[in-house]
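Residues per chain are reported as follows:
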Amino acid sequence: EAGVAQSPRYKIIEKRQSVAFWCNPISGHATLYWYQQILGQGPKLLIQFQNNGVVDDSQLPKDRFSAERLKGVDSTLKIQPAKLEDSAVYLCASSFTGVGTDTQYFGPGTRLTVL
Amino acid sequence: QQQVKQSPQSLIVQKGGISIINCAYENTAFDYFPWYQQFPGKGPALLIAIRPDVSEKKEGRFTISFNKSAKQFSLHIMDSQPGDSATYFCAANPRSSNTGKLIFGQGTTLQVKP
């Protein structure tokens, strides 16, 4: 079974530029998560989708971050404009149902460096 | 406040030894406690998980101990191996969220020396 796919794996941009990350979840998984993992810290949930609807985006900085999940499958996370403090690994995860005890499967992440 | 505190930040253990990582939470509104293992350049992967109605869960060399009254839980790795060298995260799912949201600890970097 293929895992969660993410691209690109690495991205370096200047502050105030925009960037987009792509995620393809495990086939059949209804729930998709985007996490931000700053170096030396645990992942922090940014947004959770159930199919193509948003379940939780309480920690998403909506003035600069946006995310969509078209057709309930692939998802894109965008940052515009980027700030230095956005430097982090952006992890995508998916789960079958989205309930609390459901295993979340993580992709390898996209490492973003903002200069 | 929903927070999970993890210690130690780093840990060095000899091969064959026992690795112990501790986590504590500050409110009682969590009802699922997974542990994730992360290797460099990879995403976290579920290692083992426990519900608060159980005091201990064992899977192979990995054991979770849960103390509900103290609001603490810990991961024990028995017979630690160099292949166990990774970063370990405890996490908790808020009962009130009705979602899969996980609150992660800060992580513990484990090094097992041969």
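Above this text you will find the structure in question.
To start, this report covers the structure provided alongside it. Remember, it's a predicted structure, so these values are computed and weren't measured experimentally.

Some thoughts on the overall build of chain A
In step 1: A count of helical and extended segments in chain A gives zero helices and 11 strands.
In step 2: Seen in sequence order, chain A has helices and strands lined up from the N terminus as β-β-β-β-β-β-β-β-β-β-β.
In step 3: C-alpha atoms of chain A, sized along the principal axes, occupy 35 × 25 × 25 Å.
In step 4: Burial status across chain A gives 47% buried among its 115 residues.
In step 5: Counting contacts in chain A only where the partners sit at least 6 residues apart, residues at least 24 apart contribute 54% of the total.
In step 6: Accessible surface computed for chain A: about 5,600 Å², of which carbon and sulfur atoms make up 51%.
In step 7: Within chain A, one finds 12 positive and 10 negative side-chain charges whose respective centroids are separated by 6 Å.

Things to note about the pattern of salt bridges
Residues and elements named next belong to chain B.
In step 1: Per the stated rule, a full pass over the model turns up six salt bridges over all chains.
In step 2: Between Asp 84 and Arg 61 there is a salt bridge, with its nearest N and O atoms 2.8 Å apart. Placement of Asp 84 in the loop between strand S8 (72-77) and strand S9 (86-92) and of Arg 61 in the loop between strand S6 (56-59) and strand S7 (62-67) is noted, with a sequence separation of 23 residues between them.

Notes on the sheet that holds S7 of chain B
All names here are of chain B.
In step 1: One open sheet accounts for five strands, arranged S1-S3-S8-S7-S6; its pairing is antiparallel. A single partner strand is all that each edge strand has here, and the edge strands are strand S1 (4-7) and S6. Adjacent strand axes in the sheet meet at a mean angle of 15° when their direction is disregarded.
In step 2: In this structure, S7 lies alongside S8, joined through six bridges in antiparallel fashion.

What to know about the sheet that holds strand S1 (residues 5-7) of chain A
Residues and elements named next belong to chain A.
In step 1: Taken in spatial order, the four strands of this open sheet run S1-S3-S8-S7, and their pairing is antiparallel. Of all the strands in the sheet, just S1 and strand S7 (65-68) have a single pairing partner and so form its edges. Each adjacent strand pair in this sheet contributes to an overall mean axis angle of 15°, direction not counted.
In step 2: Of the strand pairs in this sheet, strand S3 (residues 19-24) and strand S8 (residues 75-79) are connected by five bridges, and their pairing is antiparallel.

Remarks on the interface of chain B and chain A
In step 1: With 18 residues of chain B at the contact, the number on the chain A side is 24 residues.
In step 2: Across the chain B to chain A interface the summed buried area is about 1,500 Å²; carbon plus sulfur atoms make up 54%.
In step 3: Applying the counting rule to chain B against chain A returns one salt bridge.
In step 4: One salt bridge connects Asp 56 of chain A with Lys 101 of chain B, and the closest N-O pair in it is separated by 4.0 Å.
In step 5: Remark: the boundary between chain B and chain A carries five residue pairs in polar contact (both at pLDDT 80 or more).

Concerning a nonpolar patch on the surface
In step 1: There is a patch of nonpolar side chains on the surface, built from Ile 18, Ile 20 and Met 78 of chain B and spanning about 240 Å² of accessible area.
In step 2: Residue Ile 20 of chain B is classed as partly exposed on the basis of its relative accessible area of 38%.

Considering the nonpolar core
In step 1: Counting residues in each nonpolar core, the largest one holds 25 residues, and the members touching the most others are Val 4, Phe 33, Trp 35, Phe 73, Leu 75 and Tyr 88 of chain B.
In step 2: At the level of elements, strand S2 (10-14), strand S3 (19-25), strand S4 (33-38), strand S5 (45-50), S7, S8, S9 and strand S11 (108-113) of chain B are the ones that each hand at least two residues to this core.
In step 3: Ranked by the residues each element gives to this core, the list is headed by S9 of chain B, at four residues.
In step 4: The next biggest cluster of nonpolar side chains, apart from the first, holds 21 residues, and it includes Val 19, Trp 34, Tyr 90 and Val 114 of chain A.

Considerations on the pairing of S9 of chain B
Residues and elements named next belong to chain B.
In step 1: Of all the seven residues making up S9, seven are buried; the element is thus mostly covered by neighbouring parts of the structure.
In step 2: Side chains of S9 alternate between two faces, with Ala 86, Tyr 88, Cys 90 and Ala 92 and Thr 87, Phe 89 and Ala 91 buried alike.
In step 3: In this sheet, S9 lies alongside S4 in antiparallel orientation, the contact comprising four bridges. Of the residues in S9, the one forming a bridge with Gln 37 is Tyr 88.
In step 4: Judged from the three bridges that link them, S9 and S11 form a sheet pairing that is antiparallel. If you follow Thr 87 over to S11, its bridge partner there is Thr 109.
In step 5: Bridge analysis of S9 against strand S10 (residues 103-104) gives two bridges, and the strand direction is antiparallel. Residue pairing across strands places Ala 91 opposite Phe 104, the latter belonging to S10.

The rules behind each value
Residues numbered from 1 in each chain as written. Chains lettered and ligands numbered in written order. Predicted model: local features only at pLDDT ≥ 70, side-chain atom pairs only at ≥ 80, totals over all residues. Heavy atoms only, no water. Helix = DSSP H or I, 4+ residues; strand = E, 2+ residues; numbered from the N terminus. Buried < 20%, exposed > 50% of the residue type's maximum accessible area, 1.4 Å probe, protein only. Contact = heavy atoms within 4.5 Å. Areas by Shrake-Rupley, 256 points an atom, 1.4 Å probe, with all protein chains shown as cover. Lys, Arg positive; Asp, Glu negative; His and termini not counted. Charge placed at Lys NZ, Arg CZ, Asp CG, Glu CD. Salt bridge = Lys/Arg side-chain N within 4 Å of Asp/Glu carboxyl O. Pairing = 2+ DSSP bridges. Axes fitted to C-alpha atoms, helices over the stretch in contact; angles between N-to-C directions. Buried area = accessible area lost by both parts, 1.4 Å probe. Polar contact = N/O pair within 3.5 Å; in protein donor to acceptor, adjacent residues only side chain to side chain. Patch = residues over 30% accessible without salt bridge, like charges linked within 9 Å, V, L, I, M, F, W, Y side chains within 5 Å. Core = buried A, V, L, I, M, F, W, Y, C linked by side-chain atoms within 4.5 Å.

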